[in-house]
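Listed here are the chains, written in short residue letters.
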Amino acid sequence: MIAVANQKGGVGKTTTSVNIAAALSMHGQRVLVVDLDPQGNASTALATEHRGDVPDVYQVLVDDLPMADIVKQVPDMPNLYCAPATIDLAGAEIELVSLVAREARLRRALAAYEGWISTTS
């Protein structure tokens, strides 16, 4: 797993993530990009629909929707997948405050998705 994070905006997190993901997928690795930015720029860069009515990471984190229900294959990139973000994600921090084990929700969703992947590969 690779995470690209920085508090500061405009430092190239999305560009770095998308380019690493594309390069790895072109070399035969199965890659999932989880877009955690409400602006959805990684989703846009990966040609993945992320309008407000599209199931997204927000629903995985807040509503316990399975990751498998939101992940989309990136067009023309057979090994590259994207879990899109929509503007709804902007409210997730506030809604997660009252939820038990909120800091582990993404980890659990990814672990369950990895299990799903291994049974469908």
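Residues numbered from 1 in each chain as written. Predicted model: local features only at pLDDT ≥ 70, side-chain atom pairs only at ≥ 80, totals over all residues. Heavy atoms only, no water.

### Remarks on unusual backbone geometry
Most peptide bonds take the trans form, and the phi angle of most residues other than glycine is negative.
No. 1: One non-glycine residue, aspartate 64, lies in positive phi territory at about 60 degrees.
No. 2: Within the element layout of this structure, aspartate 64 appears in the loop between α3 (57-63) and β2 (72-73).
No. 3: Despite not being glycine, alanine 101 has its phi angle at roughly 55 degrees, a positive value. (Helix = DSSP H or I, 4+ residues; strand = E, 2+ residues; numbered from the N terminus.)

### Things to note about the pattern of salt bridges
Between side chains of opposite charge, pairing is possible as soon as their charged atoms come close.
No. 1: Under the counting rule described, the total for this entry stands at three salt bridges.
No. 2: The residue arginine 51 makes a salt bridge to aspartate 53 at a minimum N-O spacing of 3.0 Å.
No. 3: A salt bridge links aspartate 64 to arginine 105; the shortest N-O distance between them is 2.7 Å. Of this pair, aspartate 64 sits in the loop between α3 and β2 while arginine 105 is found in helix α5 (residues 105-120), placing the two residues 41 residues apart along the sequence. (Salt bridge = Lys/Arg side-chain N within 4 Å of Asp/Glu carboxyl O.)

### Some details on the environment of valine 4
No. 1: Within the secondary structure, valine 4 is located in the segment before α1 (13-26).
No. 2: Filtering out sequence-adjacent residues up to four positions away, valine 4 remains in contact with Lys13, Thr16 and Ser17. (Contact = heavy atoms within 4.5 Å.)

### Section: α1
No. 1: If you check α1, its first and last C-alpha atoms are 20 Å apart, about what 14 residues at 1.5 Å a residue would give, namely 20 Å.
No. 2: The set of residues buried in α1 consists of Val18, Ala21, Ala22 and Ser25. Along the axis of α1, the buried positions cluster into a sector of 95 degrees, meaning they face one direction only.
No. 3: Buried residues along α1 sit against β1 (31-34), α2 (41-45) and β3 (80-83).
No. 4: One or two positions beyond α1, positive phi appears at glycine 28, with a value near 90 degrees. (Expected span 1.5 Å × (residues − 1). Buried < 20%, exposed > 50% of the residue type's maximum accessible area, 1.4 Å probe, protein only. Arc of directions from axis to C-beta.)

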